[in-house]
Every structure is written in structure tokens, then in C-alpha cells.
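Here is what each chain is made of, one letter per residue.
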Amino acid sequence: MATLTYLQAISAALRDELRADERVVVMGEDIGVFGGAFKVTDGFVAEFGTDRVMDTPLAESAIIGCAIGAAVVGMRPVCEMQFADFISCGFDQLVNVAGKMHYRQSLAVPITVRLPSGGGFSGGPFHSQNPEALFMHSPGIKVVAPSTAEDAKGLLHAAIHDPNPVCFMEHKHLYRRVKGEVPDGLFETPFTARVARPGSDLVVIAYGAMVEVALEATADLDGASVEVLDLRSLVPLDEEAILDSVARCSKVVILDEANMTCAAGAQVAALIAEKGFEDLDGPVIRVATPDVPIPFSPPLEQAVLPGVDRVKEACRDLLAY
Amino acid sequence: MTSSRTEILVDVTMPQMGVSVAEGTVLAWRAGVGDTIEAEQTICEISTDKIDTEVPAPVSGVVAEILVDVDQTVSVGTVMARIAAQGGPSDGDGDGDAPSQPPAPSAEAPAPRAEAPSPARTHAPGRRYSPVVARIAAEHDIDLSTIAGTGRGGRVRKQDVLAVVTGNGHGAPSGEDPPLHIESPYRPDPPAAAGTAAGVADGGLSRMRRTIGERMKQSLETAATCTTWIEVDMGRVEASRGALKVTALAFVARATIDALREHPALNAWLNGDDYTRVEDVNLGIAVSLGEDGLIVPVIHRAHELSVEGLGARIRDLARRARARELAADDVLGGTFTITNPGQYGSIMATPIINQPQVGILDLEAVVKRPVVVTDGDGNDSIAIRPMTILGMSWDHRALDGALAAQFLATLKRRLETVGL
């Protein structure tokens, strides 16, 4: 057990996997000699060599394509997209090749694609996005999004061990802000939701960086008992945990940092409407980033990203309903 | 369970119907003291300037007080009435313990659920219940109409029905009818005879007619009204308007704006001796409301709009005017007005100036006439042209006839060179 930041937990998971399993390789832009844009792979080349820690051209399609080929012949590649936003260049390889390989040819594609995602640091429209819903929509790809250091390590181990392509959404805003006790070893965090704080009057459903926002916003909400459910995994979506929370609380606020339309929360809301209807005691409320690019301007960015105040307001409003 | 209920008095205030509206007049009360009223149901009718509208009740409840008489004018925000909304008790609402006693989801649950597909049986008219409340009520055979809700607007929340199930409810059903509202000893006066057939035969004009009448009379008494006409060949407008899918009025509006920019003395207000030229052209467009009267919504900053933009705004304002959806600001701030009653074939009129403006343009029918046209070499011939007579009434206190004629000449030149 060690106290690690979210970023150190991801580094530790990669290092443990590289040490434990020779099939594991990591590849991406500037991840080798430079140690990665966020220093996740700092020092890896010295320990594991350039054959297992590969600097690639600036070509996301090539990174994912190579990883697919390597995976099909038995490797366990972990690709880093320098920013999650850049994955649009590798979309076809991931969605059409990796996602459908097993369906077409019964071949497993055990790749993990790491996506440093999210805003909050004035990165502007090309470095702040949350593209997870694009991959939720596409069959054959799992999508996970940890909110704590322990889950970052455990979900990354589970992603690398999983025989399917997995998008690992690691939130940049959490990298050095979130810190926690992390068990040693190759432990796996299951692809299920986690009750971050139990409650009974209302549940806020969130994942990634929005879990912190939800916890802060509802820590003391006029004495109301507010549950926070951390989804952790978006595909598969933990329907049982979601419906359990809805049955307990009957009022639901769903929080997304991604743009509102068709975000992960939209799927959660649809699930609740279909299977949790008889447990609802109010409208299902969504809080998300409006359908706009993320602005560079710090005040404008703060205005569009869901913050503590917006969540508080939404919760108070629904509690009073 | 005889815990006391709290009665919450909710104010009904004179609404803000536009940024520049400061007061409104109560036209009629639709509910009297002691009447039960539903949220959003109209409680009274009010009027500001030319806009009449209805005020919805903010909550369901019983009208407890009416503080403003009919025809009384009060400022925005003034409390006009109070509604006693039914609330729950003021002590703890049992949130904490309710979830520890969820309704048993086991064995017996499916049966009542299956045989109770008609939740309406347990529902009071006008109240709606969330799925979880309806389900718990059906499972436990609870008459929801007997439960006082603690949610917004008296809504029955899950906590409220669970409190009844677990027996510690503040809104437990009892044999007697619960006091759904507090009866007031006061009764409203019998409604005035307004709106009855006798009232109309009595010569009573509608409020809008009275307002129009007062305004028109006041304008004629105030302004030194003159009217000047000019003949305009609308051939180019007629040729262009099909392509843009707008009416001739939109072209005349655009040309009027351009002419006002050339002759800004006409884009002005005259209040007594106080003459103000206005920078923006806020163009009023008279819209007939049939027998009810006439209203002049204003296209603010009309000079920023193209012909198509003006056409779209005119359509929008006319539609909203006829649907009685205009906001108070939509009829304020006009600097010049166009009236366009030519659809029935009339060719000339002497419009009355919309005070405190100094001019009003009248567009009548476009009629094909034989006219003398002169070609580039100076040869005259007779041609059939779509002609109209534009008339402008103007205030001789603010300007003289020469300027009015120059303005009309500019307007004519612009309309006859549309698209050139």
C-alpha cells in the first residue's frame, strides 16, 4: 500500500505490467525518451528499452493499427493518445478494425488505449475534450473512466488483462490533484460502479473528474442525504448499481463533463426512464457541458464546464420538487 | 395524526412585461376571495398600454386576499393578491427515516401492482403523482388525495407517502375530509356586468377601441397634421419581390428607412416644444386586429435589417400581434410608422400621426395604370405600369411641406431604382 497521485498510479500500473508480462508494450507520441507529455512514462525507456517503450510518429491511426496487429499475434499493447482529442485521427482503426475484429474473424484484440481527457486548465478546444461517448456508441469497445488513484491503477490492470479493446479515460485534471492509498500488485478493479458516498434523498451519478465535483457540491446540501454513484465503467454500464441507487433515492441528477447531447449520461438517463420508471419521484435531471467547443478563455471555460455551483443548484431544485 | 398544517401565503404580483414597463392596470379578476385556483390558471387580466394579458396563479391554493381593484393601476411588483397554498407541517419531514422503511418489494408486491392499473382511482382531480408515489400508493391502497404534499406546489413526494405507510405520517388519511383549503368568511362582490350583452349594447367600447380613440383624437388635437402624396411606379419592386419572397411592404419599409437616413428630421419625436431627432430607426408597422382594433408593433433598429430581414420581422410581428403575443416592449419606442391598408383596393388616405412621432407613411393598393414613360432618348410613350400613391401625414409644427415633399421624392427614387 502506497500513497500515490492519480498519475503515479497510472505509471505504477504500466510499470508493474511491463515487469510482470513480457507481452505488454507501450507506444505513443513522445512517450519514450521524453517520458510522455504528462510524464506518465518517465524513466520507462531506461528500465524497459525502446523495443517495449516505443516512440511513434504523429499518426494515431498508425499507433492503433500497429497495436491491433501486435495484439492479434499475442501482444498486450498499451497505446497512449497524447490528448484524448487526437483519437479522432485513429477512429477508423479503433472503431472499425479493433471493435469488429472478434465479430468478423473471432480474433481477440486485447489493446488498451489511454486517453488523457477533460478540461479545466485552459487547454482550448483541441486539448480538453471528453470523447468517451463516441466509443460507447460503437460495439466491441469497452470504456472505463476512473476517478480515484486506486481505481486508476486497478482499472488499468483490468483493461490490460481484458481480451477486448478498452478505452481508458484518464482525466488530466485529476493527474496531480487526486491522491490516495493504492494497493500494491496487479489487482483488478471490476468494471462496475462504486457508491462514492451513500445517501437516500437523491443520487448524483457521475464518473471521472465529475465525481469530485459531485462529492463537493453535495457534501452539505441543507442536510439532505445525497448519494454519489461513481460509474467507473461506461461500457459495460453497471445497470444494477444504477437502478439500485434510483430505487433507494428516487431522484436523480446525472453529471457529465462531456457535451450534453448523446453523452454517457444520456444513456444513463434512458436506462432509468426505461427500467427505473416506477422508482422515480421527479424528473431525471442532467447537468453537462453545453454543446459548444471548450473555450480557451479561463472564465468562459469555467462557465461551460459543470461546476460545484451548477450541481448544487440542480440538486436543490430537484430536492424541493 | 392531528399535527397542524402550515398555510403558506404566496403573493401574486404585477408582472414585469418588458424592461420599460413600470405599471399595469387590472382589467378583471377571474377568481374571487375564497375561490380555489390551480397553479397556472388565470387569476386576473391586466393591461399595460396596448398590451392586455393574463396573469397565471403562481401556485395552487385558495385566493386569500385581493388587494387591487379592477381598473386600478399599480406599479410592477405590487402585490395584487395572495393565495393560500396548502403546505405540510413545519416540523421535520421524516426524510431521514423514510428510506430505511422501503415498501416491501417481495412476494405480495406483484399482485396489487397487477390489479391496480387504474391509479386514477386513488388520485384527486388536478393532482399528478410521480411513478414511485403512484406505485407505493397502489401497493398500500392509499388514497393520495388525502395526503398533504410537502413538495413544490404541494406535490406529494415519495417521503410523504412513505410516511403514511410507516404510520408516522403527518398527512395520515383520516375519516373526515381534510381541510384542503381555509374558508374565508369574505365573499367577493358580485362580478360587474362587464362583457354581458347588455354592456355592449350600452355603448361600451372595448378597452382597445377606447385607447385607439383617445390616441387618435389626441394626435389630431396636438399635431398640425398635413398630408402629402406622391405617385410611385412599383414596377421594379414588383419584379424583385418574387425573387425575395417578400411583400411590397418590406421594400417600402427599406426605402423608407433609407429616406429617413437622408432626411433625419422626420425620424424624430416632438413632445410639446421638445423636438428630438432619433439616431435609430425604430419602424412601427400598423397591424389590423380585425374588429378589435389596431396595434403598431415596432421593428427596433430597423436600419440594420435587409429587405428580407424586414419582411421576416413584419411577418413575425403581425403573427404575434394577431395571436396577442406581443410583449410591451414590442410596441414602444417607434420613431416613424407605416400603415398599409391597401389590400382592399383603396388608393389614398390621410393617416393620423402616431404621437409623438412626426410622420406616418401610408401605402395603399398597387394599381395598373396607363402612364407616360420617357425613354433614354427623351421619347414619350404610354405604358401600363403598376402604380401606387404613397401618402405621408406629417406634423407642420416639426417641419415644412418642402421637406415632406423631398422625403417623398427620395422614397420614390429609391423604390423606382430597386435592384439597380
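Reading the values: rules and limits
Residues numbered from 1 in each chain as written. Chains lettered and ligands numbered in written order. Predicted model: local features only at pLDDT ≥ 70, side-chain atom pairs only at ≥ 80, totals over all residues. Helix = DSSP H or I, 4+ residues; strand = E, 2+ residues; numbered from the N terminus. Contact = placed C-beta atoms within 7 Å. Buried ≥ 20, exposed ≤ 12 C-beta atoms within 10 Å, placed from the backbone. Pairing = 2+ DSSP bridges. Axes fitted to C-alpha atoms, helices over the stretch in contact; angles between N-to-C directions. Nonpolar A, V, L, I, M, F, W, Y, C, P; charged D, E, K, R; others polar. Core = buried A, V, L, I, M, F, W, Y, C linked by C-beta atoms within 7 Å. Parallel < 35°, antiparallel > 145°, perpendicular 65-115°, else oblique. Left-handed = near helix turned anticlockwise from the far one by under 90°. Expected span 1.5 Å × (residues − 1). pLDDT = per-residue confidence, 0-100.

**Topic: the overall build of chain B**
When its secondary structure is counted, chain B shows 9 helices and 19 strands. Taking the contacts inside chain B whose residues are at least 6 apart along the sequence as the reference set, 66% of them involve residues at least 24 apart.

**Comments concerning the overall build of chain A**
Assigned secondary structure in chain A consists of 11 helices and 14 strands. Looking at the 321 residues of chain A, the share that counts as buried comes to 54%.

**Some remarks on the sheet that holds strand E2 (residues 23-29) of chain B**
All names here are of chain B. Here we have 4 strands laid out as an open sheet, ordered E5-E4-E2-E7, and antiparallel in their pairing. The two strands at the open ends of the sheet, each matched to only one other strand, are strand E5 (51-56) and strand E7 (73-75). Each strand of the sheet is rotated relative to its neighbour by a mean of 40 degrees, with strand direction disregarded.

**Considerations on the interface of chain A and chain B**
Each side of the interface is counted separately: chain A has 13 residues, and chain B has 12 residues. For the side of chain A that touches chain B, the class distribution of residues is 4 nonpolar, 4 polar and 5 charged.

**Regarding the nonpolar core**
In globular proteins that are soluble, nonpolar side chains generally tend to be buried together. A:Val204, A:Ile205, A:Val253 and A:Leu255 are the most contacted members of the largest nonpolar core, which totals 117 residues. Discounting chain neighbours no more than four positions away, the residues touching A:Val204 are A:Ala214, A:Thr218, A:Val226, A:Val228, A:Val253, A:Leu255, A:Val311 and A:Cys315. B:Ala250, B:Leu305, B:Val358 and B:Leu363 belong to the second-largest nonpolar core, a separate cluster that totals 54 residues.

**With respect to unusual backbone geometry**
For the bond from A:Val235 to A:Pro236, the omega torsion is 0 degrees, close enough to zero to count as cis. The residue A:Pro236 is located in the loop between strand E12 (233-235) and helix H8 (239-249) in this model. Look at A:Lys39: it is not a glycine, yet its phi comes out positive at around 65 degrees. Positionally, A:Lys39 belongs in the loop between strand E2 (24-28) and helix H2 (44-48). According to the C-beta neighbour criterion, A:Lys39 is partly exposed, with 14 such atoms within 10 Å. Non-glycine residue B:Arg301 carries a positive phi angle of around 50 degrees. By the secondary structure assignment, B:Arg301 is in the loop between strand E15 (298-299) and helix H8 (307-322).

**Some points on helix H7 (residues 209-217) of chain A**
Buried residues dominate H7(A), accounting for 7 of its 9 residues. Turning to H7(A), its buried residues number three or more, namely A:Ala209, A:Met210, A:Val211, A:Glu212, A:Val213, A:Ala214 and A:Ala217.

**A word on the environment of B:Arg215**
As for its placement among the helices and strands, B:Arg215 is situated in helix H5 (residues 207-222). Put simply, B:Arg215 and B:Gln355 are 140 residues apart on the chain and 7.8 Å apart in space, counted from C-alpha to C-alpha.

**Description of the packing of H7(A) against helix H11 (residues 308-320) of chain A**
All names here are of chain A. Axis separation between H7 and H11 bottoms out at 9 Å; the angle between their running directions is 60 degrees. Comparing the axis directions of H7 and H11 gives the class oblique. Here the hand of the crossing between H7 and H11 comes out right-handed. The residues of H11 that touch H7, namely those facing Val213, Ala214, Glu216 and Ala217, are Val308, Val311, Lys312 and Cys315. For the contact of H7 with H11, a count of residues per class yields 6 nonpolar, no polar and 2 charged.

**Considerations on the sheet that holds strand E13 (residues 252-259) of chain A**
Residue and element names in this part refer to chain A. The sheet built from 5 strands is open, its strands ordered E9-E11-E10-E13-E14 with mixed pairing. Edge positions in the open sheet fall to strand E9 (194-197) and strand E14 (285-289), since each of these has one partner strand only. Sheet twist, expressed as the average angle between the axes of neighbouring strands with direction ignored, equals 25 degrees. Running at roughly 140 degrees to E13, H7 makes contact with E9, strand E10 (202-206), strand E11 (226-230) and E13 of the sheet.

**Observations regarding helix H6 (residues 149-161) of chain A**
Under the 1.5 Å per step criterion, the end-to-end length of H6(A) is 19 Å for 13 residues, consistent within 8% with the ideal 18 Å. Within the span of H6(A), buried status applies to A:Ala149, A:Glu150, A:Asp151, A:Ala152, A:Lys153, A:Gly154, A:Leu155, A:Leu156, A:His157, A:Ala158, A:Ala159 and A:Ile160.

**Points about the pairing of strand E5 (residues 112-117) of chain A**
Residue and element names in this part refer to chain A. Judged by how many residues are buried, E5 sits mostly within the fold: 6 of 6 residues are covered. Residues Thr112, Arg114 and Pro116 point to one face of E5 and Val113, Leu115 and Ser117 to the other, with burial holding for every one of them. Direction of pairing for strand E4 (residues 76-80) relative to E5: parallel, over a ladder of 3 bridges. Directly across from Val78, in E5, lies its bridge partner Thr112.

**Points about the environment of B:His303**
Residues and elements named next belong to chain B. Mapped onto the elements, His303 comes out in the loop between E15 and H8. On the basis of neighbour counts, which here come to 16 C-beta atoms within 10 Å, the residue His303 falls in the partly exposed class. His303 sits 23 residues away from Asp280 along the chain, and the two C-alpha atoms are 7.1 Å apart. Apart from the residues lying within four places of it in its own chain, the contact partners of His303 are Ile257, Arg261, Asp280 and Val281.

**Things to note about the packing of helix H1 (residues 6-20) of chain A against H6(A)**
Residues and elements named next belong to chain A. Between H1 and H6, the shortest axis-to-axis distance is 8 Å and the interhelical angle comes to 30 degrees. Taken together, the axis directions place H1 and H6 in an arrangement best described as roughly parallel. Every pair of crossing elements has a handedness; the one defined by H1 and H6 is right-handed. Contacts between H1 and H6 involve Tyr6, Ala9, Ile10, Ala12, Ala13 and Glu17 from the former and Ala149, Ala152, Lys153, Leu156, His157 and Ile160 from the latter. Considered class by class, the residues forming the contact of H1 with H6 number 9 nonpolar, 1 polar and 2 charged.

**Some thoughts on the environment of A:Pro146**
Residues and elements named next belong to chain A. With respect to the helices and strands, the residue Pro146 is situated in the loop between strand E6 (142-144) and H6. Judged by C-beta crowding, with 30 C-beta atoms within 10 Å, Pro146 ranks as buried. With near-sequence residues (within four places) excluded, Pro146 lies in contact with Asp151, Ala152, Leu155 and Arg232.

**Examining the confidence of the model for chain B**
The predicted coordinates of low-pLDDT regions are not to be read in fine detail. Residue and element names in this part refer to chain B. Mean pLDDT over chain B works out to 79, with 79% of the residues at or above the 70 mark. In the predicted structure, residues 169-191 sits below a pLDDT of 50 and forms 41 contacts with residues beyond four places in sequence or in another chain. A low-confidence stretch, residues 193-202 (pLDDT under 50), is modelled with 5 contacts involving residues beyond four sequence positions or located in other chains. Scoring of the predicted complex yields 0.53 for pTM and 0.72 for ipTM.

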